Amino acid sequence: MAARKLTITKLILAFAVACLLTNAFHPVLSQNAKELLQQGIDAGIAGRLEEAESIFRQVIKIDPNNANAYNNLGTTLEKQGKLEEAIANYEKAIQLNPNYASAYNNLGFALQQQGKLEEAIANYKKAIQLNPNYANAYNNLGFALQQQEKVEEAIANYEKAIQLNP
């Protein structure tokens, strides 16, 4: 009888491990991560940046492949003046989701703040390539080009931003 209980216990344990490895419980974790992500966004909007940062880090612990959490953490860190850490989080978001236009735009903005205009411009252009209707990326690209004194190109991008988002 004891051997049978041990076998059943081993089977239950093996099943639990298999479920974790195959993300069978992922919908529950995903829902918690989604709820937390929204709480972090709300905290950030309310200006509670340290709270938002903490929440986004919790989301990443729950779901380490959540590109949105890395992107939002990057934005929160950027608002706190932690540009290097923000950049690392934007890059992680892009690594997880190479088609994440917002992360490219945010990365560009952080790089622009560091005076790395060529890198910023490349990221804005990638954001626009991924989402040709991304008005904010056109506006940011215009500003970076303006800083490079490329006035005509800057104006064209500002005009496109206004056309997309009057």
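Residues numbered from 1 in each chain as written. Predicted model: local features only at pLDDT ≥ 70, side-chain atom pairs only at ≥ 80, totals over all residues. Heavy atoms only, no water.

**Q** Please give an account of the overall build of the chain that cites residues and values.
**A** A count of helices and strands for the chain gives nine helices and zero strands. For the chain, the α and β elements follow one another from N to C terminus as α-α-α-α-α-α-α-α-α. Across the 166 residues of the chain, 38% fall into the buried class. Pairs at least 24 residues apart make up 44% of the contacts formed inside the chain by residues separated by at least 6 positions. For the chain, the exposed surface amounts to about 10000 Å²; the carbon and sulfur share of it is 56%. (Helix = DSSP H or I, 4+ residues; strand = E, 2+ residues; numbered from the N terminus. Buried < 20%, exposed > 50% of the residue type's maximum accessible area, 1.4 Å probe, protein only. Contact = heavy atoms within 4.5 Å. Areas by Shrake-Rupley, 256 points an atom, 1.4 Å probe, with all protein chains shown as cover.)

**Q** Talk me through the nonpolar core; I want residue IDs and the actual numbers.
**A** As a rule of thumb, soluble globular proteins bury nonpolar side chains together. Val-59, Ala-93, Leu-107, Ala-127 and Leu-141 are the most contacted members of the largest nonpolar core, which has 41 residues in total. Elements with a minimum of two residues in this core: helix H2 (26-45), helix H3 (49-62), helix H4 (67-79), helix H5 (83-96), helix H6 (101-113), helix H7 (117-130), helix H8 (135-147) and helix H9 (151-164). Residues in contact with Leu-141, not counting those within four places in the same chain, are Ile-121, Tyr-124, Lys-125, Ile-128 and Asn-157. (Core = buried A, V, L, I, M, F, W, Y, C linked by side-chain atoms within 4.5 Å.)

**Q** Provide a residue-level description of the side chain of Asn-105, including the pertinent values.
**A** Along the chain, Asn-105 falls in helix H6. Polar contacts involving the side chain of Asn-105 include one to the side chain of Tyr-134, which spans 3.4 Å. In contact with Asn-105, other than residues within four places in its own chain, are Asn-123, Tyr-124, Ala-127, Tyr-134, Asn-136, Ala-137 and Asn-140. (Polar contact = N/O pair within 3.5 Å; in protein donor to acceptor, adjacent residues only side chain to side chain.)

**Q** Account for the packing of H8 against H9, with residues named and values stated.
**A** Put simply, H8 and H9 touch, their axes get as near as 8 Å, and they point 160° apart. By the angle between their axes, H8 is roughly antiparallel relative to H9. For the element pair H8 and H9, the recorded crossing hand is left-handed. Along the contact surface, H8 presents Ala-135, Tyr-138, Asn-139, Leu-141, Gly-142, Phe-143, Leu-145 and Gln-146, while H9 presents Glu-153, Ala-154, Asn-157, Tyr-158, Lys-160, Ala-161 and Leu-164. (Axes fitted to C-alpha atoms, helices over the stretch in contact; angles between N-to-C directions. Parallel < 35°, antiparallel > 145°, perpendicular 65-115°, else oblique. Left-handed = near helix turned anticlockwise from the far one by under 90°.)

**Q** Describe the pattern of salt bridges, with residues and values.
**A** Taken as a whole and assessed by the stated rule, the structure comprises four salt bridges. Here Glu-53 and Lys-82 are joined by a salt bridge, their closest N and O atoms 3.4 Å apart. Of this pair, Glu-53 sits in helix H3 while Lys-82 sits in the loop between H4 and H5, and the two are 29 residues apart along the sequence. Here Glu-53 falls in the buried class, since its relative accessible area comes to 12%. Overall, Lys-82 belongs to the partly exposed group, its relative accessible area being 32%. Between Arg-57 and Glu-85 there is a salt bridge, and its shortest N-O distance comes to 2.5 Å. Of the two residues, Arg-57 is situated in helix H3 and Glu-85 in helix H5; the sequence distance between them amounts to 28 residues. Linked by salt bridges that have partners in common, Glu-53, Arg-57, Lys-82 and Glu-85 make up one network. (Salt bridge = Lys/Arg side-chain N within 4 Å of Asp/Glu carboxyl O.)

Without other data, these values stay purely geometric and don't point to any function.
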